[in-house]
Amino acid sequence: KMAAAAAISLRRAGWRLWQGHAVIMCQLCPLQRPLQASAVLRRVSEEQKKEPLASSSQQQFDSHPAEHKPEKEPQGPRPSYTGQGGQESEDYESEEQLQHRILTAALEFVPEHGWTAEAIAEGAKTLGLSAAAAGMFHSDGSELILHFVSQCNTKLSGLLEQEQKLVQLGEAEKKPTDQFLRDAVEARLRMLVPYIEKWPQALSILLLPHNIPSSLNLLTSMIDDIWHYAGDQSTDFNWYTRRAVLTGIYNTTELVMMQDSSPDFEDTWRFLENRVADATNMGNTANQVQSTGEAVIQGLMGAAVTVSSAESPELQG
Amino acid sequence: AVAGLCPCRALLSRRGGALRALCGSVRGLAAAPETHFGFQTVTEEERREKIYQVFESVAKKYDVMNDSMTLGIHRVWKDILMHKMNPSPGTLLLDVAGGTGDIAFRFINYVRSVRERQLQRKLKHHQNLSWQEISESYQEDRSKSLGDSHVVVCDINKEMLKVGKQKAQHLGYLEGLSWVLGNAEELPFDDDKFDVYTIAFGIRNVTRIDLALQEAYRVLKPGGRFLCLEFSHVSNPILSRLYDLYSFQVIPVLGEVIAGDWKSYQYLVESIRRFPPQEELKAMIEDAGFFKVDYQNLNSGIVAIHSGFKL
């Protein structure tokens, strides 16, 4: 009786050790759980065997601290970390990875259901999970939107990096700054086009108090990225001015895009071009304080254009 | 957890109840045939029988007693559980120890209203169709007012199921319900069948909680959700004192006055004290194989909702 109690508390202690970020493979005692435990996670990870070895071994390292359940230990020698992707007990994907997969699958249902728990439920169903898995996420769809924004930002970084490589290899011309900014913002905004009808809903959800820290974080890191690839080396007050200006340009262009009904959003790109031109001219003035003040005026002007366009009769949602 | 239990035990030792000092991790986990029934020590078989008798005798007055003991707040708790579940039409729910059907009826109401909203939204999008097409689509949707959702109410106690069926007829719940006699430790269902498994104020009465959790894991589909609504541990010391006072002084008296059954309600209150607290139950749920296990305290711990996913 006491031995059973001791075994149980020992197992709990072993489980708690896992919860700490110790990447220790030893277990205090073997699990007597049936082998079909976490069928979904393990099954999925077998697909990851197709990935290149380097990344999968990296994933094993990363997913283990997040995995709070000790998995069954094979009787033979310990599986190695170094390279063999696809060891049977090692590649459990973490819950976060599964959540990302569900959210990615849910994106295709957004045009129909909006950024809601229903879209997430449909996404879960396509992965073979029950619709109840959508309960893992907040019921207002915040995580779906944040996931999408983060995906877009990553895509943008990838694009900018590729461009930079081409320039370094001498296969492309280095663009002037204003052209670079215009192209970067346009590329990023074009990623919204498939979801443009439901995007206003997403914007309003991103402004909810509990989402503002994350959404602001994503926005600032994206702007930072763009300036980094634009070759911004400033270490003085210019750094803040540049970020503020570009953030203003991006936000106002996004708002204009929301109610732009011109073919292929021409009006939006023209608006973007004008704002970037203004910003570049502004950067030539010597007075930093004045330029910061003008950044504010740029933002207000953009908002005024948005409001006046909203009042024109041809624009319906 | 054990510390929280001690002042309570001290209170009762003065009454001379039969107490046994068991260490916290063994409490309720009955690796041996001996287990607890309230504050008594009994064998597992005896416990099952006694609990069956308890619910057999309280079945008719179960709902009335719930209302009077919790001052009607149990309805709010069950509503919160339903909102947390947020079921979409087409969900298959298994409500274990669901006797009188409270959760089942709420589920049906919820799904019905979600379905209505869905239909309304669909109609709005059909503004530019012909009248013929609209009426056709309207009719075919109307026939599935629940959208294929279904709830199976499973209970070990025949009397409780009887009361539940009568209630369903009385309140007009005709479709989407099934009533099954079954034991939570050994469910009469196939693997991977249900989207959601709930057990509201029932897991406390299960003799082998680990078996019940394993069964829950078995019958849930991958991605399915486990939800458990149960009385739990109050951490706030002042509230805990008041709660103890209310539990041990008022509730058995109410039981005698309203249901004519002091002992059953004494058992009820004692069983609440013997039930593992939030973190321990969370660990047990994780041991059964569930992921993303979390709990939400209602009324600062008087009741807690535990949730886990089969991933």
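If you're wondering where the values come from, they're calculated on a predicted model, not measured in any experiment.

K.L.:
So what exactly am I meant to see when it comes to unusual backbone geometry here?
P.N.:
Trans is the common state for peptide bonds, and a negative phi is the common state for residues other than glycine. Positive phi, normally seen in glycine, also occurs at D264(A), with a value near 55°. The phi dihedral of A97(B) is positive, around 55°, even though this residue is not glycine. Of note, A97(B) is situated in the loop between β3 (92-96) and α5 (102-125). By relative accessible area, which is 28% here, A97(B) ends up partly exposed.

K.L.:
Would you explain the domain arrangement of chain A in this entry?
P.N.:
Many analyses report the size of an interface as the accessible area lost when the parts associate. Residue and element names in this part refer to chain A. Taken domain by domain, chain A consists of domain 1 (95-139) and domain 2 (142-288). A C-alpha centroid distance of 27 Å is found between domain 1 and domain 2. In this assembly, 15 residues from domain 1 lie in contact with 15 residues from domain 2. Summed over both partners, the interface of domain 1 with domain 2 buries about 1,300 Å², with 69% contributed by carbon and sulfur atoms. Contact with domain 2 buries surface across domain 1, with L107, W115 and H138 losing the most and accounting together for 55% of the total. Where domain 1 packs against domain 2, one counts 0 salt bridges. The tally of links between domain 1 and domain 2 comes to 5 residue pairs in polar contact (both at pLDDT 80 or more). Elements that contribute at least two residues to the side of domain 1 that touches domain 2 include exactly α4 (95-106), α5 (110-113) and α6 (117-126). Here the element with the most residues in the side of domain 1 that touches domain 2 is α4; it accounts for 4 residues. Grouping the constituent residues of the side of domain 1 that touches domain 2 by class yields 9 nonpolar, 5 polar and 1 charged.

Cut-offs used in this document
- Residues numbered from 1 in each chain as written.
- Chains lettered and ligands numbered in written order.
- Predicted model: local features only at pLDDT ≥ 70, side-chain atom pairs only at ≥ 80, totals over all residues.
- Heavy atoms only, no water.
- Helix = DSSP H or I, 4+ residues; strand = E, 2+ residues; numbered from the N terminus.
- Buried < 20%, exposed > 50% of the residue type's maximum accessible area, 1.4 Å probe, protein only.
- Domains from an automatic or database assignment.
- Contact = heavy atoms within 4.5 Å.
- Buried area = accessible area lost by both parts, 1.4 Å probe.
- Salt bridge = Lys/Arg side-chain N within 4 Å of Asp/Glu carboxyl O.
- Polar contact = N/O pair within 3.5 Å; in protein donor to acceptor, adjacent residues only side chain to side chain.
- Nonpolar A, V, L, I, M, F, W, Y, C, P; charged D, E, K, R; others polar.

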